[in-house]
Amino acid sequence: MNVLFCTDGSKISYNSIINFSSWVKDFSLDILSVVDWSCLPDSVSIENSEFASQCSTSANVILDYAETYLKEMGLNVAQKIKICGEAVDTILDLVDSGKYDFVVLGSHGKKGIQKWLGSVSQEVASSANISSYISKNINNRKKVLFAVDNSELSAKVVLNSLNFLNLDDKEIYLATVYEVPDYLFLEGNVDSTWILEIEKKQEQASRLLLNSFEKSFIEKSFEVKDKLIFRGVPSQEIINFSNKEDIDLVVTGIRTRKHLSKFLLGSVSKRILENVKSDVLIVHP
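Calculation criteria
Residues numbered from 1 in each chain as written. Predicted model: local features only at pLDDT ≥ 70, side-chain atom pairs only at ≥ 80, totals over all residues. Heavy atoms only, no water. Salt bridge = Lys/Arg side-chain N within 4 Å of Asp/Glu carboxyl O. Helix = DSSP H or I, 4+ residues; strand = E, 2+ residues; numbered from the N terminus. Buried < 20%, exposed > 50% of the residue type's maximum accessible area, 1.4 Å probe, protein only. Pairing = 2+ DSSP bridges. Right-handed = clockwise from strand over helix to strand, strands pointing away. Axes fitted to C-alpha atoms, helices over the stretch in contact; angles between N-to-C directions. Left-handed = near helix turned anticlockwise from the far one by under 90°. Contact = heavy atoms within 4.5 Å. Nonpolar A, V, L, I, M, F, W, Y, C, P; charged D, E, K, R; others polar. Core = buried A, V, L, I, M, F, W, Y, C linked by side-chain atoms within 4.5 Å.

Peer 1: Even after reading the chapter, I still don't get the pattern of salt bridges, so can you show me in this structure?
Peer 2: Side-chain pairing between opposite charges can occur once the charged atoms of the two side chains come close. The final tally for this structure, using the stated rule, is eight salt bridges. The shortest N-O distance in the salt bridge between Glu 214 and Lys 227 comes to 2.9 Å. Of this pair, Glu 214 sits in helix 6 (residues 192–219) while Lys 227 is found in strand 8 (residues 224–231), placing the two residues 13 residues apart along the sequence. In this structure Glu 214 comes out as buried when scored by relative accessible area, which is 18%. The network of salt bridges with common partners includes Asp 64, Glu 67, Lys 71 and Lys 80.

Peer 1: What should I look at first to understand the pairing of strand 1 (residues 2–6) in this one?
Peer 2: Regular strands show a simple pattern: their side chains alternate between the two faces of the sheet. Burial within strand 1 is extensive, with four of its five residues counted as buried. Sheet topology note: the strand 1/strand 2 (residues 28–35) ladder contains five bridges and is parallel. By the bridge assignment for strand 2, Cys 6 is matched with Leu 32. In the classification by handedness, the crossover that spans strand 1, the intervening helix 1 (residues 11–23) and the parallel strand 2 is right-handed.

Peer 1: Hey, could you run me through the packing of helix 3 (residues 87–95) against helix 4 (residues 119–127) in this one?
Peer 2: The relative placement of two packed helices is expressed as an angle between their axes plus a distance between the axes. Here helix 3 crosses helix 4 at 35°, and the two axes come no closer than 10 Å. When the axes of helix 3 and helix 4 are compared, the crossing they make is right-handed. Of helix 4, the residues touching helix 3 (which contributes Ala 87, Val 88, Ile 91 and Leu 92) are Val 120, Glu 123, Val 124 and Ser 127. When its residues are assigned to classes, the contact of helix 3 with helix 4 shows six nonpolar, one polar and one charged.

Peer 1: How should the pairing of strand 2 be read in this particular structure?
Peer 2: Taking burial as the measure, the eight residues of strand 2 include eight buried ones, the bulk of the element. A two-sided burial pattern is seen for strand 2, the buried positions comprising Ser 28, Asp 30, Leu 32 and Val 34 on one face and Leu 29, Ile 31, Ser 33 and Val 35 on the other. For strand 2 and strand 3 (residues 76–84), the ladder comprises eight bridges, and the chain directions are parallel. Each bridged residue has a counterpart across the sheet, and for Ser 33 the counterpart in strand 3 is Lys 82.

Peer 1: Would you take a moment to explain the environment of Ser 10 for this structure?
Peer 2: Along the polypeptide, Ser 10 turns up in the loop between strand 1 and helix 1. Owing to a relative accessible area of 2%, Ser 10 belongs among the buried residues under this scheme. C-alpha separation for the pair Ser 10 and Gly 106, spaced 96 residues apart in sequence, amounts to 8.6 Å.

Peer 1: For this particular structure, what's the right way to read the nonpolar core?
Peer 2: Nonpolar side chains in soluble globular proteins tend to be buried together. Judged by nonpolar contacts, the single largest core of 42 residues is most densely connected at Phe 146, Leu 167 and Phe 217. Looking at this core element by element, the count peaks at five residues for helix 5 (residues 152–164). With residues near it in sequence (within four places) discarded, Leu 167 still touches Trp 23, Val 144, Phe 146, Leu 162, Ile 172, Phe 217 and Phe 222. In this structure, Leu 105, Ala 125, Ala 175 and Ile 239 belong to the second largest nonpolar core, which totals 38 residues.

Peer 1: Just to check I follow, could you spell out the sheet that holds strand 8 for this structure?
Peer 2: Note on sheets: strands pair through backbone hydrogen bonds, and any given pair is parallel or antiparallel. Strand order in the open sheet formed by ten strands is 3-2-1-4-5-10-9-6-7-8, and the pairing between neighbours is mixed. Edge positions in the open sheet fall to strand 3 and strand 8, since each of these has one partner strand only. Averaged over neighbouring strand pairs, the angle between their axes works out to 20° when direction is ignored. Sheet analysis places strand 7 (residues 171–178) next to strand 8, joined by seven bridges and oriented parallel. Within strand 8, the position partnered with Ile 172 by the bridge is Val 224.

This is the structure in structure tokens:
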């Protein structure tokens, strides 16, 4: 598999590839450093300036250090890439080339010459046509939570994940969330027995759903540590459990809406990515 590792030289970015390498084996990676001065006014010409030269030199230093560091980790570094341009567009252009299976980024990086690894990671994850691994901090790389539902997308996410994730000696959790329809809480006389019956059926359907997903793991000789059913808002329940139980990786899917993703604040995956402490693997279907 081929991986695009994006770094601005920050510790956060290196955390991402360290964590990623414990979940995915046998991959080759290209290292990308973006010299991004797109935030400067159009009236400022820097292409031939000393500032441009310094940025280019800094990017070379970042790439050389990253190559040495990753090779010492035993990782296979194929190519170092330095590009001048807007960070998100640059990454997505490379992703769209069809060369890569994963893009790996840190989130909320505060160091380095670009300082773009916060919102950039969210935009890339929302728009990329490949799977995205977003990391924030070094963690134990032990507990993984698969957030599933009854959609075709969710089934594809799990099946695809089982083909590349290294889950040996990991604690695997399956979680699903069902929502009680808003109309059940409208004012008026509502038969409480009817409401309880609906919730009972939802619980049963959720249990059957988790059992069906568990079979996929068993077929790969992986044991599911726990199956969890939550009632409420899906993204919030997943966030609460992940943060409370110190989950190391949340695996979810996303329906790509390129160039519109930043406006779609209701996306479950987007909310999870923004609010969990853990790493997030967004598997492209």
